[in-house]
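Structure assessment
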Amino acid sequence: MSVLQFPSNALPHSLEDFLHEVRNASGRPLRMPIQLRWGGGLGGAIHAVQVVASWAQQNSGDLSLRLPAAFSDQENTRERFASTLPGMAALYFANSIQCDGVIFNRYKALEVVAPRVTAMQTETFRDTLRGQGAALCCFSGARNEFLTSLYAYPEPGRVREISDFRVLLPRMLNQLGVRASVFLKEGQLDYLCGLVYQLFLNADEHGSYDADGNRYEHAMRGIAVRMTAVHDVPSLVKYAGEDTSLRAFLVKQAYLTKDKSHKTAEKDKGLTTAEDEKLPNPIHLVEISVFDTGPGLALRWMVDRGRRGYTDISPEEELEAVQSCFQKHSTTKASQYFGLGLPMALMAMKHLNAFMTLRTGRLSLYQDFSKSDTVEFKPTNRFTKAKKLAEIAGTGYTICFRVK
């Protein structure tokens, strides 16, 4: 049987092409590389988790993961794979593993993930992920599913209070060497934390249950932060492919580094000469992501209207439902706090010149808050060439901004 080859380029455009393969090829094993290009940065790691979950939900029966022989032979290779979010997801969702044709014990593989989960439970953030990142992941059915950093009690619906998230997020960012008090004013930090809190409430409520309210046997939800240092913008722009929104954001940061006019930021075709290959100093981008592998934002929103799948929802209805959630931030679980804080959350995003993305259902949306005309939450389609997207598992948000 032919296998699905997970792309090493884990930027959104490449992952979208691969997701089409996944949705059109039920029952095929999944082959993954040990590490992804760019380390899964710029939202790639979260997106990759959703793609792996889509593969698992697409298949019934054997979920066979194929890995290089080095995974079986070398402990440090196993640790490298299991220290990334896509690696954790693959080992968790798969029910069998083969390394170059040889069966590898899945429980032995999961033993390598265990220290990372323990670090999440003990808030040893530096040891949760490899490199410049930290994560808190909840694996449905696991002994440590309800991490104490996120849950007051080990059961669904018992997410900690907003005040706890106000302490948690700066602590996670500190592991990246990022002092939140430097790049955000006190009130703006409050509302950024409020945004992350609200998004995780949604992940908790909707990420573990299907559209009919049945609990998934396997599902993930969580929060991740990471730092990405970009030295070579032209190469990154090339790998971004048709993702023109991401390309424009990256090129804008490069031109700002070179002290050039904002007006040239959109002219990414000009950033290809030899003299532009390396920046004087790397661009450091911080990402804050909240994700789950549930049925997706629009389907959960419209299930009360009798919709049981995305085939029951038109693309126009799906976009309207998701944009409504952004603009009003109305959820199936009302939040008086966030309703009052929406203007401050918008101000925090604008202050950060943030690039915010959302991947859910058949939609990939973005909003570039560095644009001067941004006055409201109004995400738009990320792929301007009207690319028809395959249905993806869950909902993934990423807020990306430059710190230096």
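The following paragraphs examine the structure supplied in this document.

Each value, and the rule that gives it
- Residues numbered from 1 in each chain as written.
- Predicted model: local features only at pLDDT ≥ 70, side-chain atom pairs only at ≥ 80, totals over all residues.
- Heavy atoms only, no water.
- Pairing = 2+ DSSP bridges.
- Helix = DSSP H or I, 4+ residues; strand = E, 2+ residues; numbered from the N terminus.
- Contact = heavy atoms within 4.5 Å.
- Axes fitted to C-alpha atoms, helices over the stretch in contact; angles between N-to-C directions.
- Salt bridge = Lys/Arg side-chain N within 4 Å of Asp/Glu carboxyl O.
- Buried < 20%, exposed > 50% of the residue type's maximum accessible area, 1.4 Å probe, protein only.
- Phe/Tyr/Trp six-rings, centres within 6.5 Å; stacked < 30°, edge-to-face > 60°.
- Lys NZ or Arg CZ within 6 Å of the ring centre and 35° of its normal.
- Expected span 1.5 Å × (residues − 1).
- Core = buried A, V, L, I, M, F, W, Y, C linked by side-chain atoms within 4.5 Å.

Examining the sheet that holds strand 3 (residues 64-67)
- With respect to topology, five strands assemble into an open sheet ordered 1-2-3-4-5, the strand pairing being mixed. Each edge of the open sheet is held by one strand with a lone partner, namely strand 1 (4-5) and strand 5 (102-104).
- Relative to strand 4 (residues 96-99), strand 3 runs parallel, the two sharing four bridges. Bridged to Ser64 within strand 4 is Ser96.

Considering the sheet that holds strand 8 (residues 283-292)
- On the basis of which strands lie adjacent, the open sheet formed by seven strands has the order 6-7-8-12-9-10-11 and antiparallel pairing. The strands lining the two open edges of the sheet, one partner per strand, are strand 6 (133-139) and strand 11 (380-381).
- Summarising the sheet, strand 9 (residues 355-361) and strand 12 (residues 392-402) pair through seven bridges and their orientation is antiparallel. Within the sheet, the bridge partner assigned to Leu358 lies in strand 12 and is Tyr397.
- On the sheet, helix 2 (residues 44-58) packs against strand 7 (220-230), strand 8, strand 9 and strand 12 and is oriented at approximately 175 degrees with respect to strand 12.

So, the pattern of salt bridges
- Within the structure shown, the criterion is met by 10 salt bridges.
- The closest approach of N and O atoms between Arg158 and Glu155, which form a salt bridge, is 3.5 Å.
- Here Arg158 falls in the partly exposed class, since its relative accessible area comes to 34%.
- Of the residues examined, Glu155 reaches a relative accessible area of 36% and is grouped as partly exposed.

Structural notes on the packing of aromatic side chains
- The tally for this structure, following the rule as stated, stands at 11 aromatic pairs.
- Judged by centre distance (5.0 Å) and plane angle (70 degrees), the rings of Tyr92 and Phe93 are edge-to-face.
- Between Phe165 and Tyr197 the ring centres are 5.2 Å apart and the planes differ by 70 degrees, which places this aromatic pair in the edge-to-face class. With Phe165 in helix 7 (residues 162-174) and Tyr197 in helix 9 (residues 186-206), this pair connects stretches of sequence that are 32 residues apart.
- Residue class for Phe165 comes out buried when judged on its relative accessible area of 2%.
- Ring-pair connections join several aromatic residues into one group, and the members of that group are Phe146, Tyr151, Phe165, Tyr197 and Phe200.
- Above the face of the Tyr107 ring, Arg106 is positioned so that its terminal group lies 5.9 Å from the ring centre.
- Here Arg215 stacks its cationic end above the ring of Tyr209, 5.6 Å away from the centre of that ring.

Focus on helix 7
- Between the first and last C-alpha of helix 7 there are 19 Å, a value that for 13 residues agrees with the 18 Å anticipated at 1.5 Å per step.
- The complete set of buried residues in helix 7 reads Phe165, Leu168, Leu169, Pro170, Met172 and Leu173.

Description of helix 9
- End to end, helix 9 covers 30 Å across 21 residues, agreeing with the expected 30 Å (1.5 Å per residue, within 8%).
- The element helix 9 is extensively covered by neighbouring structure, given that 16 of its 21 residues are classed as buried.

Description of the nonpolar core
- Judged by nonpolar contacts, the single largest core of 111 residues is most densely connected at Phe6, Leu91, Leu150, Leu173 and Phe200.
- Of the residues forming this core, the biggest block, 10 residues, is contributed by helix 9.
- Sequence-distant contacts of Phe200, defined by excluding residues within four places in its chain, comprise Cys138, Leu150, Tyr151, Val159, Phe165, Arg221, Gly222, Ile223 and Val290.

Some thoughts on unusual backbone geometry
- Its identity is not glycine, yet Glu123 carries a phi of approximately 60 degrees, on the positive side.
- Within the secondary structure layout, Glu123 lies in the loop between helix 6 (106-121) and strand 6.
- On the accessibility criterion, Glu123 (24% relative accessible area) is partly exposed.
- Although it is not a glycine, Asn353 adopts a positive phi angle of roughly 50 degrees.

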